[in-house]
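The chain contents come next:
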Amino acid sequence: MPGALGTYAFIAAKLRTRLSKILDREFIDRLIAAPSLVEAMQLLRNTDFAGLEAVYEKTGDLKMGELEFFRQEVSLFGEVVRSVSGQIADFCRSLLLRYDMDNLRNILRLWFDRVIRKREIEEASGYIYRNKIIYDLHIDELLASRSLEDISGILKKTPYAPLIKEQAEEIIQKNSLFSLEIALDKYYYMQLLKQVDRLSTADAAIAGRLIGVEIDMLNINWIVRFKTLYNLSLEDSFSHILPFGHSLRDKELEAAFRADDVTELVTNFIKKKYAALAPLIKIQGSDVQSRLALIERLLEEIMRYEVHRALLGTPFTIGIILAYFVLKKQEIKTVMTILNAKLYGIDAERIKSSL
Amino acid sequence: MMFTTRMKYLTAVVLDKDVEKVTRELLSDGVLHFVNITEVSSGLKSKVDTMVPEVSLNRIAEIKKRIESFLNMIAVFPEKAKTLDIGTLTTVDLEQTEHEIDKLSEEVQGIRERQKNIQQEIMKLEDIRRQIELFGDIRSSIKARSHYSFLNVQTGLVPVERFPELDTELKTLPSVVLNLHTEHEKCSVLLITMKRDDPKVDPLLAKYGWEDAEITHEMTGVEDHVSVDLKGKLKAYAKEQRDLQEESQVIIRKKSNMLQVLWANLRMNELYYRIQSYFSKTSRTVIFSGWLPASKSGTLQKGIIKATQGRCYMEWSDPEKLEKSEKIKVSVPVQLKNPRFLSPFQMLVTNYSIPEYGTVDPTPFVAVAYLIMFGLMFADAGHGFVLMLLGVVGMFLYRGERGDWFNLSKLVAYCGGVAIVFGVAFGAYFGHHWFPPLWFDYHALVMGHTPQTGIIHDIYGILLLTLYFGIVVIVVGLFLNWINLVRRKRWLKLLLDKTGFLGAWAYGGGIYIGYYYMTQNNRLPDETTLLYLAIIPMLLFLVKPPLLYFIKPKESRHPFTVMTVVDFFMEWIVELLEVFGGYLANTLSFMRVAGLGIAHVSLLVAFKDIADMAGSPVFSLIIIIAGNILVIALEGLSAGVQSLRLNYYEFFSKYFSGMGEAYSPVSLTAGQE
């Protein structure tokens, strides 16, 4: 059985090379300062986003570029899965599940818009990723379905079917996909944590920590949203949050729920656990949306800190795969936010303040 | 070539009214490495003000980048142009320039919008195609009038004379319109549209006399017709998109000359104002200073005098004179000036670091050492020929730029050349012995055959050869270090450092003792020899720490205690370990040259054996060719990297301090930063 070196040497070299190409702060600032979308795209020409730029140049459609980039990332992750074996390949497949679920989410949201909200979705349906990632999603059949029952029938060979069946009544009652989205997230993390248990001790420790931090981020984000946007009670909120967070347990989450201003709670948490990040805490916004945006930014910084911590440790561990997964996701989110802001003519200062 | 270029320091004072002419002259000459005068003469700080450029350098740089990004879209790279023409320098109007670029940006963005609209139409047609595939049989979908689909599939009759107009109008919507059959002045039409377009389609159908009719009996093979129709439309849209993409390039190409002229002017203005940012001024005069090669001082002086019509004051200093007068340590920029044929080796040196001013320029020594090392590791005339060919091709491809890729290609060509020389010396031609060796048969020695003549009789002889080579390289390094130390008048270091006389004494003693031991049946030399070659130098190293301690001024010393004495001993022990361990390791390191050379031969022999085992001559040839390609690639890379490592570590560590600052004058070279 190969040791850590034999298992990770190739994929670590490949992903570290990819990580070295992640856009630095200086480039992001240049991207933000670009006077137009066309010029911003030009800047991406000699980066990992060259594929996105090429599609944009061909079609003039930013969303098509985004789709192309999604395809590239799925393809790379598929390569990662093929480069490893055994429980590590199973773990990576679980990470790939995130892309499959995101695709399903997009499809269900479009279906919901078409069937429940009676909106036209034909233009948006062209932006769905149509190749199989993990499961066959039968996209056009799903979009053409009449009911959630039909959908779960079409997806009967996937683990999504029982989740959709369970949540169908609540979706129709509350006229929202919210409960299903939470259920999908829960399923994703439970699958991931199951695979973590099968990893070696060293890998399990690293993966457990990083996933635990991600779960903490998700939980704190949800708690704030449940209270402020969805007006859920404490019990309802707690029924939706994920277990196995790294630092934030029920006690802390309850305190967060009860706090008048949860931003203060989060910043105190950061000062206590992540002193190095304390200088990043800036003035709090007064409204719910700004506070949520601030919390999300702070939590992203925590994730980045934890990932860099993992990268500084032993090089041949699952940490490199997770680090790439997390940092790449953050990079894509940053770049797409900037490009969409350019498309809508939002000025550089506003873009900077939202990142 | 032997040493870094001699530099001179210029301090010049000119009148305020001559600033523009002087700036142009300085830019045109492009030889002055500017230094802020207050950094050298701190007394002037309170007496002068820094000159603030009229235009923001950051803004110029941003606009330049915008122009570059548009020009790069049509594969024009102004930043790679060789030089700029000072005669075309004019005052830059940043507002106007930005306005021009904004206009261009809007034009291109407009085209992207049109491309996007076409993309939307393409997606709608793709959707129709997918929906039709979902149904399978179009005939059944008409009958079913399915609620599941986004599509409206219907058949009907339209008067013949009205059909073309209906077809034209429906072209503006994502649709499939097929005339299946014409009879009794009516066309039987299959119409597929999107349900969302029903409010637009229904009035059109009514306008052109549409009658619903069941005509499924005429729909044999209709799926193929629909597919062909859709493919045709998609192809047309794709062509339109390509045409628009080309149009965006045409727009930029039309403005390419204007953009390049704007870029060049911006670049010159950027350099112009960069020069002025180093100026200091009083109420009526401007002062500036900088370094330049001593050989260029006459030309620059003439130029400034001409530009100011004699209304200037210039003072020239040597670095030593300047340090004395200002009582500070000055950082003199370093220029390495070597013949063009040594440019690849200069690149290797500057990649490592910049030598200190006044020290030996390592370039020619690196050239000799690197090539010999490479030749010894990659001795095959055939392989060398291939490398040389690759190098020459690379030089041809990159001849326009003359940058790092050109130099790398040149290096590969040189390595190929020296591999040919050593290949002929060792009688190796693609692993074969087509001609007798001029020196010794390396291949035979590696395979264990003992030659009758010659000084090298076995593989140990090869190892010894590389060991001797390593000793020569290290000794040359030490010698160069002494030259540097003498020039910098660092006498103590020259005498007592591990790379000084004392270190060389210990090294020489170690070599002799090692040689004696190996050749005299594992016996050590007599006590007197050991005393002079090993014991005395070891003890002399003990002198260094207390000497360094006591020559320091009292106020900057730590108080003398028992621990100070302990420190002296610790430093002595560490120094001894560094000397003996370091020199031994450095010397033995050169045995890798033999190792790689042996590996080169062994790989070729292995491939030859595999080829001999192949069933047919064709396979045998394929294996030989593939094997040679692999050896050239792997061994070539390996030998190149190892030669570099030996230079950087074993050679440079003896004399190269690398604390120099590169000479970078502000000149009209376009791509300079």
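Residue positions are given per chain, counted from 1 along the sequence in the order it is written. Chains carry letters from A onward and ligands carry numbers from 1 onward, assigned in written order. The model is predicted, so local features are restricted to residues of pLDDT at least 70 and side-chain atom pairs to those at 80 or more, both for listing and for counting; the totals for chains, interfaces and linings are taken over all residues. Only hydrogens and water are removed before side-chain values are computed, so all heavy atoms of the structure are retained for them.

Novice: Talk me through the overall build of chain A; I want residue IDs and the actual numbers.
Specialist: Strands are runs of DSSP state E lasting at least two residues, helices are runs of H or I lasting at least four, and both sets are numbered from the N terminus onward. Counting its regular elements, chain A contains 18 helices and zero strands. For the radius of gyration, the atoms used are the C-alpha atoms, and the globule rule reads 2.2 Å times the number of residues raised to 0.38. The globule rule puts the C-alpha radius of gyration for 355 residues at 20 Å, and the 21 Å found for chain A is close to it. In terms of overall dimensions, chain A has a C-alpha envelope of 55 × 50 × 50 Å along the principal axes. Exposure categories follow from relative accessible area, calculated using a 1.4 Å probe and restricted to protein chains: below 20% of the type maximum is buried, above 50% is exposed, and the middle band is partly exposed. Here chain A holds 355 residues, and 54% of them are scored as buried. Considering only intrachain contacts with a sequence separation of at least 6, the fraction spanning at least 24 residues in chain A is 66%. Of the accessible surface of chain A, which amounts to about 16400 Å², a share of 52% is contributed by carbon and sulfur atoms. Positive charges come from Lys and Arg, negative ones from Asp and Glu, while His and the chain ends are left out of the count. Think of each charge as sitting on NZ of Lys, CZ of Arg, CG of Asp or CD of Glu. Here chain A carries 49 positive and 49 negative side-chain charges, and the mean point of each set is 3 Å from the other. Throughout, a contact is declared for two residues whenever any of their heavy atoms are within 4.5 Å. We get accessible surface area from the Shrake-Rupley algorithm with a probe of 1.4 Å; when it comes to residues, only the shown protein chains can shield them.

Novice: Before we move on, could you go through the overall build of chain B and cite the residues and values that matter?
Specialist: Summing up its helical and strand segments, chain B has 24 helices and 12 strands in all. A globule of 673 residues ought to have a C-alpha radius of gyration of about 26 Å, yet chain B, at 39 Å, is considerably larger. For chain B, the spread of C-alpha atoms along the three principal axes comes to 125 × 90 × 55 Å. Looking at the 673 residues of chain B, the share that counts as buried comes to 48%. Considering only intrachain contacts with a sequence separation of at least 6, the fraction spanning at least 24 residues in chain B is 79%. Here chain B contributes 70 positive and 72 negative side-chain charges, whose respective centroids are spaced 9 Å apart.

Novice: An account of the packing of helix α14 (residues 381–397) of chain B against helix α24 (residues 617–655) of chain B is requested, with residue identities and associated values reported.
Specialist: All names here are of chain B. Geometry is summarised by axes, namely lines fitted to C-alpha atoms with helices restricted to the contacting stretch, and by angles between N-to-C directions that run from 0 to 180 degrees. At a minimum axis separation of 11 Å, α14 and α24 run at an interaxial angle of 65°. One finds that α14 runs roughly perpendicular with respect to α24. The interaxial crossing formed by α14 with α24 has right-handed handedness. Here His383, Val386 and Leu387 of α14 come into contact with α24, specifically with Asn628, Val631 and Ile632. Orientation categories follow fixed angle ranges, with anything under 35 degrees roughly parallel, anything over 145 roughly antiparallel, 65 to 115 roughly perpendicular, and all other angles oblique. Helix crossings are classified by the rotation of the near helix relative to the far one: an anticlockwise turn of less than a right angle makes the crossing left-handed, while a clockwise turn makes it right-handed.

Novice: Could you give an account of the interface of chain A and chain B, naming the residues involved and the relevant values?
Specialist: Facing the 30 residues of chain A at the interface are 28 residues of chain B. Both faces considered, chain A and chain B share a buried interface measuring about 2900 Å² in area, 52% of it formed by carbon and sulfur atoms. What counts as a salt bridge is simple: a side-chain nitrogen of Lys or Arg found within 4 Å of a carboxyl oxygen of Asp or Glu. Notably, a salt bridge pairs B:Arg66 with A:Glu39, separated by 2.6 Å at the nearest N-O pair. We define a polar contact as two N or O atoms separated by no more than 3.5 Å, with the added condition that, inside protein, one atom must be a possible hydrogen donor and the other a possible acceptor, whereas residues neighbouring each other in sequence contribute only through side-chain atom pairs. At the junction of chain A with chain B, the criterion picks out 13 residue pairs in polar contact (both at pLDDT 80 or more). Of all the secondary-structure elements, those providing two or more residues to the side of chain A that touches chain B are α3 (37–43), α4 (50–59), α7 (122–125) and α8 (139–144) of chain A. Any residue outside Ala, Val, Leu, Ile, Met, Phe, Trp, Tyr, Cys, Pro, Asp, Glu, Lys and Arg is labelled polar, Gly included; the first ten of those are nonpolar and the last four are charged. Of the residues belonging to the side of chain A that touches chain B, the class tally is nine nonpolar, six polar and 15 charged. Once two parts are put together, the accessible area they lose, assessed with a 1.4 Å probe and summed over both, is termed the buried area.

Novice: So what's going on with the pattern of salt bridges? Residues and values would help.
Specialist: Counted under the stated rule, the structure contains 52 salt bridges over all chains. Here B:Asp229 makes a salt bridge to B:Lys233, at a shortest N to O gap of 3.1 Å. Placement of both B:Asp229 and B:Lys233 in helix α8 (residues 222–254) is noted, with a separation of four residues, approximately one turn of the helix. One salt bridge in this structure joins B:Glu270 and B:Arg267, with 2.8 Å as the shortest N-O distance. Here B:Glu270 and its partner B:Arg267 are both found in helix α9 (residues 256–276), three residues apart, which amounts to about one turn of the helix. Across this residue pair, the class does not change: B:Glu270 and B:Arg267 are buried. Several salt bridges share partner residues, and in doing so they unite A:Arg98, A:Asp102, A:Arg105, A:Arg109, A:Glu181 and A:Asp185 into one network.

Novice: How would you explain a nonpolar patch on the surface if you had to name every residue and give the values?
Specialist: Exposure above 30% relative accessible area and the lack of any salt bridge qualify a residue for a patch; like charges then connect within 9 Å, and the nonpolar side chains Val, Leu, Ile, Met, Phe, Trp and Tyr within 5 Å. A cluster of nonpolar residues, B:Trp505, B:Leu540, B:Val543, B:Leu547, B:Leu548 and B:Ile551, forms a patch on the protein surface that exposes about 460 Å² of accessible area. The residue B:Trp505 is located in helix α19 (residues 501–519) in this model.

Novice: Describe the sheet that holds strand β5 (residues 175–183) of chain B, with residues and values.
Specialist: Residues and elements named next belong to chain B. On the basis of which strands lie adjacent, the open sheet formed by four strands has the order β5-β6-β4-β7 and antiparallel pairing. Strands at the two margins of the open sheet, each flanked by one partner only, are β5 and β7 (211–212). Only strands that DSSP links by at least two bridges are regarded as paired with each other. Looking at chain direction, β5 and strand β6 (residues 186–194) are connected through eight bridges and run antiparallel. What sits directly across from His181, in β6, is Ser188. Relative to the sheet, helix α7 (residues 198–207) contacts β4 (151–159) and β6, its axis offset from that of β6 by approximately 170°.

Novice: I'd like to hear about helix α1 (residues 4–20) of chain A, residue by residue, with values.
Specialist: The term bend refers to the angle at a residue between two fitted axes, each drawn through seven residues, those ending there and those starting there. Along α1(A), the sharpest change in direction is near 30° and occurs at A:Phe10. Buried within α1(A) we find A:Thr7, A:Tyr8, A:Ile11, A:Ala12, A:Leu15 and A:Leu19.

Novice: If you had to explain the confidence of the model for chain A to someone new, which residues and values would you point to?
Specialist: A score between 0 and 100, pLDDT records how confident the predictor is in each residue. Within chain A, residue pLDDT values average 86, and 96% of them lie at 70 or more. Looking over chain A, one finds the lowest element-wise mean pLDDT in helix α15 (residues 262–273) of chain A, namely 72, and the highest in helix α2 (residues 25–33) of chain A, namely 93.

Novice: Before we move on, can you summarise the pairing of strand β1 (residues 7–15) of chain B with the specific residues and values?
Specialist: All names here are of chain B. Pairing of β1 with strand β9 (residues 285–293), which is carried by nine bridges, proceeds in the antiparallel orientation. Bridge pairing links Leu15 to Thr285 in β9. Inspection of the sheet shows β1 paired to strand β10 (residues 312–317) by six bridges, in the antiparallel sense. Looking at the pairing, Thr11 lines up with Glu315 of β10.

Novice: Run through the packing of aromatic side chains, naming residues and quoting values.
Specialist: Each aromatic pair joins two rings of Phe, Tyr and Trp (for Trp, the six-membered one) with centres within 6.5 Å, and gets the label stacked for planes under 30 degrees apart, edge-to-face for over 60, and tilted for any other angle. By the definition in use, this model includes 48 aromatic pairs over all chains. Seen from their ring centres, A:Tyr135 and A:Tyr160 are 5.6 Å apart, and the 85° between their planes marks the pair as edge-to-face. Of this pair, A:Tyr135 sits in the loop between α7 and α8 while A:Tyr160 is found in helix α10 (residues 160–174), placing the two residues 25 residues apart along the sequence. A relative accessible area of 25% means that A:Tyr135 is categorised as partly exposed. By relative accessible area, A:Tyr160 is classed as buried at 0%. Ring plane angle 70° and centroid distance 5.7 Å describe the contact between B:Tyr549 and B:Phe568, whose orientation is recorded as edge-to-face. Of this pair, B:Tyr549 sits in helix α21 (residues 544–550) while B:Phe568 sits in helix α22 (residues 562–589), placing them 19 residues apart in sequence. Under the relative-accessibility criterion, B:Tyr549 is labelled buried at 9%.

Novice: Lay out helix α6 (residues 163–170) of chain B with the relevant residues and their values.
Specialist: Residue and element names in this part refer to chain B. Inspection of α6 places Phe163, Leu166 and Leu170 among the buried residues, and these make up the whole buried set. Along the long axis of α6, the arc covered by the buried residues comes to 65°, so they all point the same way. Structurally, α6 contributes buried residues whose contacts are with β4, β5, β6 and α7. Taking the helix axis as origin, the arc is that swept by the directions to the C-beta atoms.

Novice: Which residues make up the confidence of the model for chain B, and what values go with them?
Specialist: Residues of chain B with pLDDT of at least 70 account for 96%, and the chain-wide mean is 89. Per the prediction output, this complex has pTM 0.80; the corresponding ipTM is 0.84.

Novice: Pulling in residues and values, what's your account of the environment of B:Ser297?
Specialist: Assignment of secondary structure puts B:Ser297 in helix α10 (residues 297–308). Put simply, B:Ser297 and B:Gly597 are 300 residues apart on the chain and 50 Å apart in space, counted from C-alpha to C-alpha.

Novice: Could you give an account of the packing of helix α13 (residues 363–377) of chain B against α24(B), with specific residues and numbers?
Specialist: Two measures define how a pair of helices packs: the angle their axes make with one another and the distance between the axes. Residue and element names in this part refer to chain B. Their axes nearest at 9 Å, the elements α13 and α24 cross at an angle of 140°. Taken together, the axes of α13 and α24 lie oblique to each other. Both α13 and α24 take part in a crossing whose hand is right-handed. Of α24, the residues touching α13 (which contributes Phe365, Val366, Ala369, Tyr370, Met373, Phe374 and Met377) are Glu635, Gly636, Ala639, Gly640, Gln642, Ser643, Leu644, Leu646, Asn647, Phe651 and Phe652.

Novice: Outline the environment of B:Ala294, listing residues and values.
Specialist: All names here are of chain B. Relative to the assigned elements, Ala294 resides in the loop between β9 and α10. Residue Ala294 is classed as buried on the basis of its relative accessible area, which comes to 15%. Each C-alpha atom, one on Ala294 and one on Gln154, is 90 Å from the other, the two residues being 140 residues apart in sequence. With residues near it in sequence (within four places) discarded, Ala294 still touches Arg6, Met7 and Lys8.

Novice: Let's hear about the nonpolar core: which residues, and what values?
Specialist: Joining through side-chain atoms within 4.5 Å is the link that ties buried Ala, Val, Leu, Ile, Met, Phe, Trp, Tyr and Cys residues into a set, and such a set is a nonpolar core. In terms of nonpolar packing, the biggest core is built from 169 residues, with A:Leu339, B:Leu10, B:Leu26 and B:Phe288 touching the most fellow members. Examining the composition of this core, we find that 10 residues originate from one element, helix α4 (residues 94–135) of chain B, more than from any other. Grouped together as the second largest cluster of nonpolar side chains are 107 residues, A:Phe77, A:Leu143, A:Val196 and A:Tyr324 included.

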